[in-house]
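Descriptive structure summary
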Amino acid sequence: MNENDNIVLGKPPLLEGERLDDLLTHAYKIIQSKEVFSFSLDAVLLARFAGIPKRGRILDLCTGNGVIPLLLATRTDAAIEGVELQPRLADMARRSVAYNELQSRIAIREADLKTLPALQGGEAYDAVTVNPPYKPVGSGEHKGNLHQALARHEIGCTLEDVVSASARSVREGGRVSMVHRPSRLAEIMAAMQRYRLEPKRMRFVHSRADAEANMVLIEASLGGRPELRLLPPLIVYEGEGRTYTGELLDVFYGRKKELNGTDASEGAGD
């Protein structure tokens, strides 16, 4: 990208140090910067795994630069709202939404999820998604870049905060979908059940078929009955090389909109 690429007629301008990346689907673009935490594979997988309604309202917590709302918009006509604590990231997300001319469908709110009010009835969301910080405070080094530290470590919010905010925001019977680390799965499930979020679907992600899982995708229903479906493992790379599996390539290029663990497409949020 050269300097002239930063200026596109009728589009929000890029700020110093920012770049415009291709989301590989629906010709969508996203504003990113090396100075803040850029999205990674976990966000893409969550956006394809989450059970969402065809219409209604969706909330994305810890939205960062807005990648999950943008990808969700390729699967649904629902209104989508992203909540982000960091002003710089919230601004980048808003400009990415505007760049893709999705302002009528996606709204970005700068807010602290810990202070979100409890919602009821028609005010509550049909689905909530969240890609939270994975590491507890005190687990490893997090000095230096505050943007990256907040994205990786539970400085701005803990796992308990995230689960509590999700439960306060979703309607009875609505879905909460999260991506996290398998090492914290016991904590995740215990926290969900404390807030009446019953785990319903789960899928482990492995870098290779013979490797331990390094991500877990989990979906729960508020007030749901106990019944957990463990979906087939999702493998990222084929063999020993760095070639993505067919399922991952289908996800990246938008050929497969849902990660439901089967070849047949399921209706989202039916």
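What you see is a predicted model, and the numbers here were worked out from it, not measured in a lab. (Residues numbered from 1 in each chain as written. Predicted model: local features only at pLDDT ≥ 70, side-chain atom pairs only at ≥ 80, totals over all residues. Heavy atoms only, no water.)

1. A short note on helix α5 (residues 159-169)
To keep things clear, this is the line we draw: Exposure classes here rest on a 1.4 Å probe applied to the protein chains alone. A residue is buried below 20% of its type maximum, exposed above 50%, and partly exposed in between. The helix and strand labels rest on DSSP assignments: H or I over at least four residues marks a helix, E over at least two residues marks a strand, and numbering proceeds from the N terminus. Whether two residues are in contact is decided by their heavy atoms, any of which lying within 4.5 Å being enough.
In terms of burial, α5 is largely enclosed, as 8 of its 11 residues are buried. Within the sequence span of α5, burial applies to L159, V162, V163, S164, A165, S166, A167 and S169. Buried residues belonging to α5 abut β3 (57-61), β6 (125-130), β7 (170-180), α6 (185-194), β8 (197-206) and β9 (213-222).

2. Section: the environment of L231
Inspection of the secondary structure puts L231 in the loop between β10 (229-230) and β11 (234-235). Remark: the alpha-carbon pair of L231 and N260, spanning 29 residues in sequence, is separated by 7.5 Å. Setting aside residues up to four positions removed in sequence, L231 forms contacts with F49, R201, M202, R203, L259 and N260.

3. Side note on the packing of aromatic side chains
For any two aromatic rings, the description comes down to two numbers: the centre-to-centre distance and the angle of the planes. Note the following rule: Stacked, edge-to-face and tilted are the three classes for Phe, Tyr and Trp ring pairs, Trp counted by its six-membered ring, which pair at centre distances within 6.5 Å; planes under 30 degrees apart are stacked, over 60 edge-to-face, the rest tilted. Consider the ring centre and the ring normal. A charge sits over the ring if Lys NZ or Arg CZ is within 6 Å of that centre and within 35 degrees of that normal.
Counted by the stated rule, this structure contains 2 aromatic pairs. Centroid distance Y237 to Y244: 5.1 Å. Interplanar angle 20 degrees. Geometry classified as stacked. On the basis of relative accessibility, which here comes to 30%, the residue Y244 falls in the partly exposed class. By way of ring pairs, the aromatic residues Y237, Y244 and F252 are connected into one cluster. Its end group placed over the ring of Y99, K11 keeps NZ or CZ at 4.9 Å from the ring centre. Taking the ring centre of F49 as reference, the NZ or CZ of R201 above it sits at 4.2 Å.

4. Some thoughts on the nonpolar core
Cut-off, in case you're wondering: Only buried residues count toward a nonpolar core, which is a set of Ala, Val, Leu, Ile, Met, Phe, Trp, Tyr and Cys residues joined through side-chain atoms within 4.5 Å.
Counting residues in each nonpolar core, the largest one holds 40 residues, and the members touching the most others are L45 and I106. Elements that contribute at least two residues to this core include exactly α1 (41-49), α2 (67-72), α3 (87-99), β5 (106-110), β9 and α7 (246-252). The element that contributes the greatest number of residues to this core is α1, accounting for 6 residues. I106 has contacts with P69, L70, A73, I80 and V97, leaving out every residue within four places of it along the chain. The next biggest cluster of nonpolar side chains, apart from the first, holds 28 residues, and it includes L116, Y125, V128 and V162.

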